[in-house]
Amino acid sequence: MLRGKGKPKTEPTEQYQRLFLLTQSKFCYRLGACPELCLGLFVENEQDSDSPTLIGHVIAVRSPYTRITDGSMSMPENWRALDDEPVFVNNELIGNHKYGDTIAIHSVAVSPEYQGKKIGRALVRAYLEHLRRGCFGARKVVLIAHDYLMSFYESVGFKSQGKSQSTFAGGIWFDMVRFSRRLSWELSSIANRSMIDF
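Residues numbered from 1 in each chain as written. Predicted model: local features only at pLDDT ≥ 70, side-chain atom pairs only at ≥ 80, totals over all residues. Heavy atoms only, no water.

Caption draft 1: Local environment of the pattern of salt bridges. All chains considered together, the criterion is met by four salt bridges. For Asp101, the salt bridge identified is with Arg139, shortest N-O distance 2.7 Å. Placement of Asp101 in the loop between β4 (92-94) and β5 (102-110) and of Arg139 in the loop between α4 (119-134) and β6 (140-145) is noted, with a sequence separation of 38 residues between them. Residue class for Asp101 comes out partly exposed when judged on its relative accessible area of 22%. Look at Arg139 and you get exposed, because its relative accessible area is 53%. Linking Glu129 and Arg133 is a salt bridge whose minimum nitrogen-to-oxygen distance equals 2.4 Å. With Glu129 and Arg133 both in helix α4 and four residues apart, this pair spans about one turn of that helix. (Salt bridge = Lys/Arg side-chain N within 4 Å of Asp/Glu carboxyl O. Helix = DSSP H or I, 4+ residues; strand = E, 2+ residues; numbered from the N terminus. Buried < 20%, exposed > 50% of the residue type's maximum accessible area, 1.4 Å probe, protein only.)

Caption draft 2: Region of the structure containing the nonpolar core. Ranked by internal contacts, the top residues of the largest apolar core, which has 37 residues, are Ile105, Tyr153 and Phe158. For this core, the secondary structure elements donating two or more residues are β2 (53-63), β5, α4, β6, α5 (150-154) and β8 (174-179). For this core, the leading source of residues is α4, giving six residues. Excluding its chain neighbours within four sequence positions, the residues that come into contact with Phe158 are Ile105, Val124, Leu128, Val141, Leu143, Tyr153, Met176, Val177 and Arg178. (Core = buried A, V, L, I, M, F, W, Y, C linked by side-chain atoms within 4.5 Å. Contact = heavy atoms within 4.5 Å.)

Caption draft 3: Structural detail: helix α2 (residues 23-33). Those residues of α2 lying buried are Thr23, Lys26, Tyr29 and Arg30. One side of α2 holds all its buried residues, which, seen down the axis, span an arc of 120 degrees. Facing away from the buried side of α2, by more than 90 degrees, are the exposed residues Gln24 and Gly32. (Arc of directions from axis to C-beta.)

Caption draft 4: Highlighting the confidence of the model for the chain. Summing up the model confidence of the chain, the mean pLDDT is 78 and the portion of residues at 70 or higher is 79%. Here residues 1-21 is modelled with pLDDT under 50, and outside its nearest four sequence neighbours on either side it reaches 34 contacts, counting other chains as well. Below a pLDDT of 50 lies the segment residues 182-198, which in the model reaches 24 contacts outside its immediate sequence neighbourhood of four places, other chains included. (pLDDT = per-residue confidence, 0-100.)

Caption draft 5: Summary view of the environment of Gly137. By secondary structure assignment, the location of Gly137 is in the loop between α4 and β6. Its relative accessible area of 58% is what places Gly137 among the exposed residues. For Gly137 and Asp101, which are 36 residues apart along the polypeptide, the C-alpha to C-alpha distance reads 6.3 Å.

This is the structure in structure tokens:
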């Protein structure tokens with residue numbers, strides 16, 4: 001997981017740890033539903049040059065909502081059998097909505113051995129540039145963050161929207177947003193200063 005300069009105020013809950021055991025199927029779902037919204041950072045594998053090693057990623061879906069919801073963090077139970085049709089449970093969207101105008105980032109992660117080297121910041125900046133260049137028609141990019149990561153996301157242009165209603169994994173989260181009309185001019189100035197500043 002991406003770590004900020006501070007440390008989490010509490011250890012992850014048991015429920016939080018159990019939910020991460022389910023992430024493999026969620027990753028398969030998100031990569032299958034919207035691969036264009038996912039970005040991986042790889043390095044050459046010294047043991048096998050044909051198999052690079054994933055050291056970081058940003059995983060997202062489309063959403064019609066202006067904030068992350070617990071439903072958007074979920075996935076439809078029968079997603080492999082669906083034909084890109086949105087799934088709603090109790091009037092809440094579950095997972096990806098192909099016509100959503102919000103990019104909902106669900107995971108930003110950097111392998112522990114690469115943390116503290118500004119790779120996370122470079123990865124998020126590269127992802128925002130990917131969105132800017134991709135003509136995805138999104139009006140905003142949203143995510144949820146723990147309090148100790150808020151300054152990290154603010155450093156790449158996200159703004160806090162206050163405490164989130166999301167109770168994903170039993171944690172306390174804060175809604176963060178970045179409006180896409182700002183992506184164009186801010187990212188071009190970042191690119192001029194050098195996209196990756198290790």
